[in-house]
Amino acid sequence: MENKILNHLQIEHIIRRIAYQILEANVEEKKIIIAGIDGGGLDFAKKIQRVLKQISEAEILLCKVSMDKKNPLKSGVTTSMPADKYKNCSIVLVDDVLNSGSTLIYGVHHFLKTPLKQLKTAVLVNRNHKKYPVKADYKGISLSTSLQEHVHVQFQPKKDVVYLD
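Residues numbered from 1 in each chain as written. Predicted model: local features only at pLDDT ≥ 70, side-chain atom pairs only at ≥ 80, totals over all residues. Heavy atoms only, no water.

Caption draft 1: How the structure looks around the environment of Val27. Structurally, the position occupied by Val27 is in the loop between α1 (8-25) and β2 (31-37). For Val27, a relative accessible area of 60% gives the class exposed. Spatially, the C-alpha atom of Val27 lies 25 Å from that of Ser80, the residues being 53 residues apart in sequence. (Helix = DSSP H or I, 4+ residues; strand = E, 2+ residues; numbered from the N terminus. Buried < 20%, exposed > 50% of the residue type's maximum accessible area, 1.4 Å probe, protein only.)

Structural data, given as structure tokens:
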């Protein structure tokens, strides 16, 4: 049985709020990197980037972060942007759902190999089932769910939705 957790309008409000929070934390920055984890995280990152471009004069760059989410140690983490392009920059690592924290922690680890001004994390849904010491600096909604429940995020034009089943 699916339960709708967030509808399109609610998600749009969350995206705008997170974009303003990111801007507030980076008000002096000339360049902000929005690094989306491939899949839902990249889709969410693109939406945040779109709003940031509307409200900020800073250069807002999108970086795709790729890894095998089931086995990030084996696959490694790669980015669409070379490290020298984000060196000494402010980065926001974005994913759609924070479950165990493994995807975010491996993404954070990858970026920490390069000197940065700051590194923050953003998620649409924080599930509170973390196995790793990682937190979302910006989050849309926090859910206390059972391990048997699954959060599904669907990003579709004008029909974004989050379900719990």
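Caption draft 2: Structural detail: the pairing of strand β8 (residues 151-154). Only one face of β8 is buried: it carries Val151 and Val153, and the other face, with His152 and Gln154, is open. Of the strand pairs in this sheet, β8 and strand β9 (residues 161-164) are connected by four bridges, and their pairing is antiparallel. Across the sheet, the residue bridging to Gln154 is Val161, located in β9. The loop that links β8 with its antiparallel partner β9 comprises six residues; one of these, Lys158, has a positive phi angle of about 60°. (Pairing = 2+ DSSP bridges.)

Caption draft 3: Inspection of the packing of α1 against helix α2 (residues 40-55) at higher detail. Put simply, α1 and α2 touch, their axes get as near as 9 Å, and they point 60° apart. Taken together, α1 and α2 sit at an angle that is classed as oblique. Relative to α2, the crossing made by α1 is right-handed. Note on element contacts: α2 touches α1 through Phe44, Lys47, Ile48, Arg50, Val51, Leu52, Gln54 and Ile55, opposite Glu12, Ile15, Arg16, Ile18, Ala19, Tyr20, Ile22 and Leu23. (Axes fitted to C-alpha atoms, helices over the stretch in contact; angles between N-to-C directions. Parallel < 35°, antiparallel > 145°, perpendicular 65-115°, else oblique. Left-handed = near helix turned anticlockwise from the far one by under 90°. Contact = heavy atoms within 4.5 Å.)

Caption draft 4: Broad picture of the environment of Leu23. Tracing the backbone through its elements, the reader meets Leu23 in helix α1. Classification of Leu23 as buried rests on a relative accessible area of 17%. Setting aside its immediate chain neighbours within four residues, Leu23 contacts Leu52, Ile55 and Ser56.

Caption draft 5: Structural view of α1. Here α1 is 18 residues long and its end C-alpha atoms lie 26 Å apart, about the 26 Å a rise of 1.5 Å per residue gives. Residues Ile11, Ile14, Ile15, Ile18, Ala19, Ile22 and Leu23 constitute the buried set of α1. Measuring from the side-chain oxygen of the N-cap residue of α1 to the backbone nitrogen of Leu9 gives 3.1 Å; that N-cap residue is Asn7. (Expected span 1.5 Å × (residues − 1). Polar contact = N/O pair within 3.5 Å; in protein donor to acceptor, adjacent residues only side chain to side chain.)

Caption draft 6: Representation of the sheet that holds strand β3 (residues 59-66) in the model. Pairing is mixed in the open sheet, where six strands are placed in the order β4-β3-β2-β5-β6-β7. Because the sheet does not close on itself, it has two edges, and the strands there are β4 (78-79) and β7 (138-142). Sitting on the sheet, α1 touches β2, β5 (90-98), β6 (118-126) and β7, and the angle it makes with β7 is about 150°. In the packing of helix α5 (residues 102-111) onto the sheet, contacts are made with β2, β3, β4, β5 and β6, and the angle to β5 comes to roughly 165°.

Everything listed is a geometric property; what it means functionally is a separate question.
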